[in-house]
Amino acid sequence: MESRYYKDDLKNMILDMAHKELENYISQKGAQKYFEGNIDKIINNYIKKISKESTVNRTYLKVLKYGAYQENIASVGKIIRSQEMFKSKGELIKFANYLGVQVNRKYSYNQVLKTVSKHIYNNRKSYSKKYVLYSRNSQEYVIEPDKIKGDLIESYKSKTREDMRSIAKLLDIDVIDEDSAEDIRKKVINYIIKEKVIKKNH
């Protein structure tokens, strides 16, 4: 089983992922400053959100994470059976549906269990990368770093878009809702160039 992530480990992982995604972005320094200043808030919001999720969803992720580190299909089955909710075949079938695994309702409990266990075991590399264990205040969470990275980048793009909108408004430039920060930036630059040309010709 891989080690649990703590606050600074998680922050560094997310920051690294976010920087890599925005490598070709216009303002690298601006993005870096924003990321570092807002990463704690984004992680906190994510933890709050998943804390409110149903026990069912949290159990699913827990099984996927722990199951991804088992040495064989039977061990994955033990992880699944250790969860109270999976004592029921109906709940196990719901889990199979969640995973996109086809099971026949006529299957016995053990047949469903084996099918689900096999799927998790065969996809363990993918699940072990997708989810990490995060410990905070003696609580343990199974989280998706990729989702936190997405929240961080979206938050940055949203702020940048609003900043550019404010500049465009000051210059009385028309922008539409669909305009990205980059679209508005181009409009602002074109406007400034046009104004300079007009002044130069006068």
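Below is a summary of the structure that appears in this document. Owing to the predicted nature of the structure, the values given are computational and were not obtained by experimental measurement.

A closer look at the pairing of strand β1 (residues 132–136)
The side chains of a regular strand alternate between the sheet's two faces. Here β1 lies mainly inside the structure; 5 of its 5 residues are buried. Taking every second residue as pointing to the same face, both faces of β1 are buried, with V132, Y134 and R136 on one and L133 and S135 on the other. Adjacent in sequence and paired antiparallel, β1 and strand β2 (residues 139–143) are bridged by 2 residues, among which N137 carries a positive phi angle near 50°.

What about helix α6 (residues 109–122)?
With 14 residues, α6 extends 20 Å from end C-alpha to end C-alpha; this agrees with the ideal 20 Å at 1.5 Å per step. Among all positions in α6, only V112, L113, V116, S117, H119, I120 and Y121 are buried. For α6, the elements touching its buried residues are α3 (55–67), α4 (73–81), α5 (89–99) and α7 (124–130).

Section: the nonpolar core
Counting residues in each nonpolar core, the largest one holds 25 residues, and the members touching the most others are I80, F95, L99, V116 and I120. For this core, the secondary structure elements donating two or more residues are α3, α4, α5 and α6. The next biggest cluster of nonpolar side chains, apart from the first, holds 22 residues, and it includes L15, F35, I39 and I42.

What about the packing of aromatic side chains?
Within the structure shown, the criterion is met by 8 aromatic pairs. Taking the centre distance of 5.0 Å and the plane angle of 25° together, the rings of F86 and F95 count as stacked. F95 matches F86 in its accessibility class, with the two residues each being buried. Where F95 meets Y98, the ring centres are 6.4 Å apart and the plane angle is 20°; that geometry is what we call stacked. Placement of the pair is F95 and Y98 together in helix α5, with a separation of 3 residues, close to one helical turn. On the basis of relative accessibility, which here comes to 40%, the residue Y98 falls in the partly exposed class. Feature note: the residues Y60, F86, F95 and Y98 constitute an aromatic cluster, connected by ring pairs.

A few points about the pattern of salt bridges
Between side chains of opposite charge, a pair can form as their charged atoms come close. Tallied over the full model, the rule gives 9 salt bridges. With a shortest N-O distance of 4.0 Å, D151 and K49 are connected by a salt bridge. Taken together, the positions of D151 in helix α8 (residues 145–170) and K49 in helix α2 (residues 28–51) put the pair 102 residues apart, joining distant regions of the chain. For D163, the salt bridge identified is with K159, shortest N-O distance 2.5 Å.

Analysis parameters
- Residues numbered from 1 in each chain as written.
- Predicted model: local features only at pLDDT ≥ 70, side-chain atom pairs only at ≥ 80, totals over all residues.
- Heavy atoms only, no water.
- Buried < 20%, exposed > 50% of the residue type's maximum accessible area, 1.4 Å probe, protein only.
- Helix = DSSP H or I, 4+ residues; strand = E, 2+ residues; numbered from the N terminus.
- Pairing = 2+ DSSP bridges.
- Expected span 1.5 Å × (residues − 1).
- Contact = heavy atoms within 4.5 Å.
- Core = buried A, V, L, I, M, F, W, Y, C linked by side-chain atoms within 4.5 Å.
- Phe/Tyr/Trp six-rings, centres within 6.5 Å; stacked < 30°, edge-to-face > 60°.
- Salt bridge = Lys/Arg side-chain N within 4 Å of Asp/Glu carboxyl O.

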